[in-house]
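Structural description and commentary
Residues per chain are reported as follows:
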Amino acid sequence: MSKELTLTVISPDKILYQGKAESVILPGSVGYFGILPGHATLVSQLDFGLIKLHTAGKEFRIAIDGGFCEVRNDQIRVLTEGGDSEDDLSHDHAVELLDEAEALPSSKDKEILLKKAKVRILLHER
């Protein structure tokens, strides 16, 4: 059994992450769940939230806008509608996104933008 996972996170615009991890936590549609090496094969819908991966004693986080994941043979593939890593977006910019979303009139689009902004803010909180 392998001691590492291979994680690939892909959005329509770019590859958000591609590399090794010791463990991965994903934002499932009914709550967060963890993946360790040797995990059973699965396909799951993902919600807005943070992917947390641990490698070399460090935690790396990626904000995603929902999507799907497949886990098979210690490989995790995540397809998401959008996302950002901690390096892609500053906390101040995330706060600006939240302020802009809150200023919009009530609508389905506003609710989606609020979710995106809140996840981006969580990206920088420890």
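The protein chain goes by ATP synthase epsilon chain in an unreviewed UniProt entry, where it is assigned to Leptospira perdikensis. Its UniProt record gives the protein chain a comment under Function (unreviewed entry), which states: "Produces ATP from ADP in the presence of a proton gradient across the membrane." You can read under Subunit (unreviewed entry) in the UniProt record for the protein chain the words "F-type ATPases have 2 components, CF(1) - the catalytic core - and CF(0) - the membrane proton channel. CF(1) has five subunits: alpha(3), beta(3), gamma(1), delta(1), epsilon(1). CF(0) has three main subunits: a, b and c."

What about the overall build of the protein chain?
Scanning the protein chain from N- to C-terminus turns up 2 helices and 8 strands. In terms of overall dimensions, the protein chain has C-alpha extents of about 50 × 25 × 25 Å along its principal axes. In the protein chain, the share of contacts with a sequence separation of at least 24, taken over all contacts with a separation of at least 6, comes to 53%. Accessible surface, the protein chain: about 7300 Å² in total, of which carbon and sulfur atoms supply 52%.

Side note on the UniProt feature "domain: ATP synthase F1 complex delta/epsilon subunit N-terminal" (unreviewed entry) in the protein chain
Mapped onto this numbering, the UniProt entry annotates "domain: ATP synthase F1 complex delta/epsilon subunit N-terminal" (unreviewed entry) at residues 5-81. Span residues 5-81 is 0% helix and 77% strand, its end C-alpha atoms 23 Å apart.

A look at the nonpolar core
Where a protein is soluble and globular, its nonpolar side chains tend to be buried together. L7, V9, V24, L26, I51, I76 and V78 are the most contacted members of the largest nonpolar core, which totals 19 residues. Secondary structure elements with two or more residues in this core: β1 (5-10), β2 (15-21), β3 (23-28), β5 (42-55), β6 (58-72) and β7 (75-80). Among residues more than four places away in sequence, those in contact with L26 are G31, Y32, F33, I35, L46, I51, C69, I76 and V78.

Points about the packing of aromatic side chains
For the coordinates displayed, the defined rule picks out 1 aromatic pair. Aromatic pair Y17 and F60: ring centres 5.6 Å apart, planes at 40°, arrangement tilted. Within this pair, whereas Y17 is found in strand β2, its partner F60 is found in strand β6, the two being separated by 43 residues in sequence. Accessibility expressed as a relative area gives 15% for Y17, which makes it buried.

Considerations on unusual backbone geometry
A positive phi angle, close to 50°, is found at A56, a residue other than glycine. Among the residues examined, A56 registers a relative accessible area of 63% and is labelled exposed. One non-glycine residue, N73, lies in the positive phi region at around 50°.

Reading the values: rules and limits
Residue positions are given per chain, counting from 1 as you read along its sequence in written order. Owing to the predicted nature of the model, reporting of local features is limited to residues with pLDDT of at least 70; listing and counting of side-chain atom pairs is limited to 80 or more, with chain, interface and lining totals taken over all residues. Side-chain measures were taken over the full set of non-hydrogen atoms in the model, leaving aside hydrogen atoms and water. UniProt positions are given in the numbering used here, feature names are shortened, and annotations may be inferred rather than shown by experiment. Secondary structure elements follow DSSP: runs of H or I of four or more residues count as helices, runs of E of two or more count as strands, with numbering from the N terminus. Contacts are residue-level and defined by heavy atoms, with any inter-residue pair within 4.5 Å sufficient. All accessible areas in this document rest on Shrake-Rupley with a 1.4 Å probe, and a residue is counted as covered only by the protein chains that are shown. Only buried Ala, Val, Leu, Ile, Met, Phe, Trp, Tyr and Cys residues count toward a nonpolar core, and they belong to the same one when joined by side-chain atoms within 4.5 Å. The buried label applies to any residue whose accessible area, calculated with a 1.4 Å probe on protein chains only, is under 20% of its type's maximum; exposed applies above 50%, and partly exposed to all values in between. Between rings of Phe, Tyr and Trp, where Trp is taken as its six-membered ring, a pair exists when centres lie within 6.5 Å; planes separated by under 30 degrees are stacked, by over 60 edge-to-face, and by other angles tilted.

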